[in-house]
Amino acid sequence: MRKIWKESFWYNIGRYYVDFCTRASFSSVKVEGKENIPSRGAVMLAPNHRCALMDALLMLLIDHRPIGFGARMDIFRKPRIAAALRWLRILPIARERDGLKKVIQNYDTFDEITDCFAHGMPFCLFSEGTHRTEPGMMPVHKGIFRAARIASEKLGEPVYIVPVGLDYEYFFRQTGKAVIRIGEAFEINEFMAMHRSDSDSQMWKSLCDELRGRILRLVDRIPERRHDRIALRAAAAVLSLPLFVVCDLCAFPIWLPSRLVLRTMKDKAWTHTVYYVFRLLLPLFIPFFWVSTRLLDFYDKLIKDLR
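It should be emphasised that the depicted structure is a prediction, and the values quoted were computed from it without experimental measurement. (Residues numbered from 1 in each chain as written. Predicted model: local features only at pLDDT ≥ 70, side-chain atom pairs only at ≥ 80, totals over all residues. Heavy atoms only, no water.)

1. A short note on the pattern of salt bridges
Once the charged atoms of two side chains with opposite charge are near each other, the side chains can pair. Counted by the stated rule, this structure contains 17 salt bridges. The residue D19 makes a salt bridge to R15 at a minimum N-O spacing of 3.3 Å. Pair noted here: D19 and R15 are both in helix 1 (residues 9-23), with a separation of four residues, about one helical turn. D19 gets classed as buried once you look at its relative accessible area, which sits at 11%. On the accessibility criterion, R15 (3% relative accessible area) is buried. Between D220 and R50 there is a salt bridge; the shortest N-O distance is 2.8 Å. Highlighted residues: D220 in the loop between helix 8 (200-216) and helix 9 (230-250) and R50 in the loop between strand 2 (42-47) and helix 2 (53-59), separated in sequence by 170 residues. Assessed through its relative accessible area of 41%, D220 is described here as partly exposed. By sharing partners, the salt bridges in this structure join E32, R50, D167, R181 and D220 into a single network. (Salt bridge = Lys/Arg side-chain N within 4 Å of Asp/Glu carboxyl O. Helix = DSSP H or I, 4+ residues; strand = E, 2+ residues; numbered from the N terminus. Buried < 20%, exposed > 50% of the residue type's maximum accessible area, 1.4 Å probe, protein only.)

2. Things to note about the UniProt feature "domain: Phospholipid/glycerol acyltransferase" (unreviewed entry) in the chain
Residues annotated in UniProt with the feature "domain: Phospholipid/glycerol acyltransferase" (unreviewed entry) correspond here to residues 43-169. As a span, residues 43-169 carries 37% helix and 20% strand, and end to end its C-alpha atoms are 28 Å apart. (UniProt positions renumbered as here; feature names shortened; annotations may be inferred.)

Rendered as structure tokens:
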């Protein structure tokens, strides 16, 4: 199998378009704290998980360099899908619910993660194991620390866990702000040395609690919207209505199939992702959709303020 850390011309070209579509999904995207990513040693990125595939797409905006990802093992069942995911630098990770036999296969993935670190590529694991479209976080699982510890032992160099907070203004609708906050890294062996006197279970719990606490300090911090200049905003809303109507009609090929797909899905955490996929497939309509959604967001906030 092809190593996911190897350079790929078409992957690098496609990243520009993918990153453009990701930025076009929000009214603004900010990356804060890039200086906290260590310049030396292996880097394990550990973000919270809120909006399905959109979380991984936001992580790609940290740097245009390649990043490896872990995803749940069940989506790798079909060989063609598995091959496509590997080309996208995604590796399978089994969860405890998948059974012991599957979990043991994680050690093969851990070896590949170590290989990524050895060739200077960061790896990203969502430590909660699944997504949650609510404030806060679910408990952190210890798999991310096992992968980091194995890599450190095999490479003989430090492996840094970098907490990342992904913040969305809206979970279940388009537009809004997105913020990627990168926290201070901590080295896995240093932390374990500090807890040398603890039992294994206590040490893993301390690691999980530490990472969860660091991520929680990075999320749910998007400031509230402003409520001033009502008259000026109301006038702008009236004047922009013809533009909104035109752009909304021209964006029809994106928003209609997106809404139809979402009506069949119980998990609304995929809202951002579904709209993203149709933008990716229909680039001609992206400018109209971009203007339409931003004007709609503008009207929505104005109406709330008037109330």
